[in-house]
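The residues making up each chain are set out below.
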Amino acid sequence: MRRHRHGPNRFVAIVLARAAFAVQAQGSAVDEIAKYRAALQDGNPAELWEARGAALWKEKRGPRSASLEQCDLGRGAGVVKGAYAELPRYFADADRVMDLETRIVWCVVTLQGYTEADAKKGPFGGPDRKSDMEAYVAFVTSESRGIRMNVAQSHPKEQEAYRLGEKMFYFRGGTHDFACATCHGEDAKRIRLQDLPNLTQKAGAQKAYTTWPAYRVSQGELRSFQWRLNDCFRQQRFPELIFASDASIALTMFLARNANGAAFDAPAIKR
Amino acid sequence: MAPSTALASALAVAAAAAAILVGCATVPSDAEVSAKASAVLKASFREQGQAKLDRLTQDDTQKTCSEYSGKALPKDVAERIEKENLASIQWPADGKYLGDWKAGERIAQEGRGMQYSDDPKVPAGANCYACHQLAPQELSYGTIGPTLYQFGKARGYTDEMRKYAYGKIWNAEAYNACTNMPRFGHRGILTSQQVKDVVALLMDPDSPVNK
Amino acid sequence: MADPMKIRANVVGDSTEVKVLMSHEMETGQRKDAQGNAIPAWFIQTVAVAHDGKPVLSAQWGPAIAKNPFLAFKFKGGAKGDKIQVTWVDSRGEKRTDEALIA
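### Thoughts on the arrangement of the chains
Next, step 1: For this structure, the chain pair with the highest number of contacts among 2 pairs of chains in contact is chains A and B.
Next, step 2: A minimum C-alpha distance of 12 Å separates chain B and chain C, which share no contact.

In structure tokens:
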């Protein structure tokens, strides 16, 4: 085997220079993405969903030909402002903890007379199908913009939901042994070039939870937190998370309460 | 009136005391919460595509690692997990560990496989770049795992190293209990040939990883 | 009938800044559906903005413009209370006009 003509120092210098170049080029790729994200903030198409949701909320619909204006989202019948900042919460009339989507389903059934199955149909919109649920979520969440997250833990079922959600967060399963914690349990990690918030810590949970729902540019749709959980589990190689299921509510409770204290800043816009 | 009110009050106090006692007694233990969480989780999913509900049944490694999440893993527990997983590794019958690094790079780049949105007939990828730096030309890499740049060059191109790489990819739990890394061979994500191709990506002197 | 546009117009110095968010699929015609068939193209082809009836912007768009497009521009002049009218016509011949007052 031929000996290398240049000395070991030059070799090391070349290796280090190449590695440094790779790191520099990679650093600027992350910066450019940050610039792209900043440029996206103006003209958020989520406003189109907010407007549609606000109009649908007032529309008389269903077998009872009623609007959702009397829906009690936790702050009293008819009060939408600030409701999302306090969800999920225990509702005495249903005797269970509910997140926003579960509560909207409840109001669609009890006020408008739809069946629960119909109320839960087609929650995620696509190119050929608009989702009323996503419009409702956009409208209701927009009414909590700027309000500090304040999810209570006074009722035993609220406390239980948090503890269950925490256990589920750490549940390793599926073909890849993934848990939520696999990606979201440590600081300063990223998957490919997507930064991963540490959802077990206040700072990470606040930043993440207060920016959903969001207009997902890559989807061309307004996506809710239920969608976010559903799509995480798909990528974790789990089966499909059922919309407004107990696990989805428990996980939302865990993450929402971890975000307490931060100002809600959604509907936002994301890649 | 006084006696019945007094009785009512006494009963109310007794009931409240009983409720407090019952309330204290029914704050569920950690084990009870774990069990309930698993049960609620299973009831909250439906099968879809290739993802059946059996994916929510944890094996011993998954169950143990879930229990110790966010806590220090005791040495004896870690050793047991590593021993069990090491024993289960299926080493290649021909004793060869090195495949084709070009195929390995494709496997490392491919993020699809085993999701319910994926076609089960299409070979799965390993999605290595999701978590690791590998070839220096690829800027879009994750940091959940350590960099693998110059993996072979740094460790030496020996058969022992090639075997270690094969084992690590086949079943990472054998070498690092409760690691975040999937068990690509053990869980049937990659075939033996695919694992060899990824080994080549790491261990072939001609691979861009080692340049 | 397409969803309404959101129009915001503000006086900035001696100009007016107009921001319009339009609701449109903007299908390029290149995307394939699950069966492998190309989804037909469908996108806004012309945009016209008028200030109190006078044209201040006209645009010819194509499939390179993103879904739910956002248009922002400035024109000289304009005062609070003036009317801004935005019209788009797409490749299917559908059109939409919305208006707003300068704030």
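### Here we look at the interface of chain A and chain B
Next, step 1: In this complex, chain A contributes 41 residues to the contact, which on the side of chain B involves 43 residues.
Next, step 2: Listed by contribution, the elements that provide at least two residues to the side of chain A that touches chain B are helix H1 (8-40), helix H6 (156-169), helix H7 (180-184), strand E3 (189-191), helix H9 (225-235), strand E7 (240-241) and helix H10 (246-258) of chain A.
Next, step 3: Tallying contributions element by element places H1 of chain A first for the side of chain A that touches chain B, with 6 residues.
Next, step 4: Along the lines of polarity and charge, the residues of the side of chain A that touches chain B split into 19 nonpolar, 10 polar and 12 charged.
Next, step 5: Direction of pairing for E7 of chain A relative to strand E1 (residues 45-46) of chain B: antiparallel, over a ladder of 2 bridges. Bridging across to E1 of chain B, Leu 241 of chain A finds its partner in Phe 45 of chain B.

### Description of the interface of chain A and chain C
Interface size, as often reported, equals the accessible area lost upon joining of the parts.
Next, step 1: Contacts between the two partners involve 9 residues from chain A and, on the opposite side, 11 residues from chain C.
Next, step 2: Among the residues forming the side of chain A that touches chain C, the class breakdown is 4 nonpolar, 2 polar and 3 charged.

### Section: the sheet that holds strand E3 (residues 44-51) of chain C
Residue and element names in this part refer to chain C.
Next, step 1: One open sheet accounts for 4 strands, arranged E4-E3-E6-E7; its pairing is antiparallel. The sheet terminates laterally at strand E4 (54-60) and strand E7 (95-101), the two strands that pair on one side only. Averaged over all neighbouring strand pairs, the angle between strand axes comes to 15°, with direction disregarded.
Next, step 2: As defined by bridge partners, E3 adjoins strand E6 (residues 83-90) across 7 bridges and the pair is classed as antiparallel.

### Looking at the domain arrangement of chain A
Next, step 1: The domain architecture assigned to chain A consists of domain 1 (8-37) and domain 2 (47-270).
Next, step 2: The distance between the C-alpha centroids of domain 1 of chain A and domain 2 of chain A comes to 39 Å.

### Structural notes on helix H8 (residues 202-209) of chain A
Next, step 1: Taken together, the buried positions of H8 of chain A are Gly 204, Ala 205, Gln 206, Ala 208 and Tyr 209 of chain A.
Next, step 2: Elements in contact with the buried residues of H8 of chain A: H10 of chain A.

### Some words on helix H7 (residues 159-170) of chain B
Note: α-helices contain 3.6 residues per turn, so residues at a spacing of three or four share the same orientation.
Residue and element names in this part refer to chain B.
Next, step 1: Its 12 residues give H7 an end-to-end C-alpha distance of 16 Å, which sits within 8% of 16 Å, the value for a rise of 1.5 Å per residue.
Next, step 2: Among all positions in H7, only Arg 162, Ala 165, Tyr 166, Gly 167, Lys 168, Ile 169 and Trp 170 are buried.
Next, step 3: The inward-facing, buried residues of H7 contact helix H8 (192-203).

### Some points on the pairing of E6 of chain C
Residue and element names in this part refer to chain C.
Next, step 1: Residue alternation in E6 divides its side chains into a buried set, Ile 84, Val 86, Trp 88 and Asp 90, and an unburied set, Lys 83, Gln 85, Thr 87 and Val 89.
Next, step 2: For E6 and E7, the ladder comprises 7 bridges, and the chain directions are antiparallel. Bridge pairing in E7 links Lys 83 to Leu 101.
Next, step 3: Hairpin connection from E6 to E7: 4 residues lie between these consecutive antiparallel strands, with Gly 93 at a positive phi of about 85°.

### Considering the pairing of strand E1 (residues 6-12) of chain C
Residues and elements named next belong to chain C.
Next, step 1: Here E1 pairs with strand E2 (residues 15-21) via 7 bridges, running antiparallel. Bridge pairing links Lys 6 to Leu 21 in E2.
Next, step 2: Between the antiparallel neighbours E1 and E2 lie 2 residues, among them Gly 13 with a positive phi of about 65°.

### So, the packing of H7 of chain B against H8 of chain B
Residues and elements named next belong to chain B.
Next, step 1: One can describe the packing of H7 onto H8 by two numbers: an axis separation of 9 Å at closest approach and a directional angle of 130°. When the interaxial angle is binned, H7 and H8 end up oblique. Remark: the crossing between H7 and H8 carries right-handed chirality. The residues of H8 that touch H7, namely those facing Met 161, Arg 162, Ala 165, Tyr 166, Ile 169 and Trp 170, are Val 195, Val 198, Val 199, Leu 202 and Met 203.
Next, step 2: Of the residues in the contact of H7 with H8, the class split is 10 nonpolar, no polar and 1 charged.

### A closer look at the nonpolar core
Next, step 1: Met 168 and Ala 250 of chain A are the most contacted members of the largest nonpolar core, which totals 90 residues.
Next, step 2: In terms of residues, this core owes the most to one element, H10 of chain A, which gives 8 residues.
Next, step 3: Discounting residues that sit within four places of it in the chain, Ala 250 of chain A has contacts with Ala 161, Leu 164, Gly 165 and Met 168 of chain A together with Val 40 of chain B.
Next, step 4: One finds Tyr 129, Trp 170, Phe 184 and Leu 190 of chain B within the second-largest nonpolar core, a separate group that totals 32 residues.

### Here's the deal with the packing of H10 of chain A against helix H2 (residues 30-43) of chain B
Next, step 1: The N-to-C vectors of H10 of chain A and H2 of chain B enclose an angle of 125°; their axes lie 7 Å apart at closest approach. It follows that H10 of chain A is oblique to H2 of chain B by the angle criterion. Where H10 of chain A approaches H2 of chain B, its residues Asp 246, Ala 247 and Ala 250 of chain A are matched on the opposing element by Val 40, Leu 41 and Ala 43 of chain B.
Next, step 2: Split into classes, the residues belonging to the contact of H10 of chain A with H2 of chain B amount to 5 nonpolar, no polar and 1 charged.

### Thoughts on the confidence of the model for chain C
Interpretation of the predicted coordinates at a detailed level should be avoided for regions scoring low in pLDDT.
Next, step 1: Of all residues in chain C, 99% attain a pLDDT of 70 or more, and the chain-wide mean is 95.
Next, step 2: Across the interface, the model reports ipTM at 0.88; the global pTM reads 0.88.

### Description of the sheet that holds strand E8 (residues 268-270) of chain A
Residue and element names in this part refer to chain A.
Next, step 1: Read across the open sheet, the 3 strands follow the order E6-E5-E8; overall the sheet is mixed. Unpaired on one side and paired on the other, strand E6 (221-223) and E8 mark the two borders of the sheet. Direction aside, the axes of adjacent strands within the sheet are offset by 35° on average.
Next, step 2: The pairing of strand E5 (residues 214-216) with E8 spans 3 bridges and is parallel.

### As for the environment of Arg 271 of chain A
Residues and elements named next belong to chain A.
Next, step 1: Turning to its location among the elements, Arg 271 is positioned in the segment after E8.
Next, step 2: Judged by C-beta crowding, with 12 C-beta atoms within 10 Å, Arg 271 ranks as exposed.
Next, step 3: With 231 residues separating them along the chain, Arg 271 and Leu 40 place their C-alpha atoms 8.8 Å apart.
Next, step 4: Among all residues touching Arg 271, those that are not within four sequence positions of it are Val 217 and Ser 218.

Rules used throughout
Residues numbered from 1 in each chain as written. Chains lettered and ligands numbered in written order. Predicted model: local features only at pLDDT ≥ 70, side-chain atom pairs only at ≥ 80, totals over all residues. Contact = placed C-beta atoms within 7 Å. Helix = DSSP H or I, 4+ residues; strand = E, 2+ residues; numbered from the N terminus. Nonpolar A, V, L, I, M, F, W, Y, C, P; charged D, E, K, R; others polar. Pairing = 2+ DSSP bridges. Axes fitted to C-alpha atoms, helices over the stretch in contact; angles between N-to-C directions. Domains from an automatic or database assignment. Buried ≥ 20, exposed ≤ 12 C-beta atoms within 10 Å, placed from the backbone. Expected span 1.5 Å × (residues − 1). Parallel < 35°, antiparallel > 145°, perpendicular 65-115°, else oblique. Left-handed = near helix turned anticlockwise from the far one by under 90°. Core = buried A, V, L, I, M, F, W, Y, C linked by C-beta atoms within 7 Å. pLDDT = per-residue confidence, 0-100.

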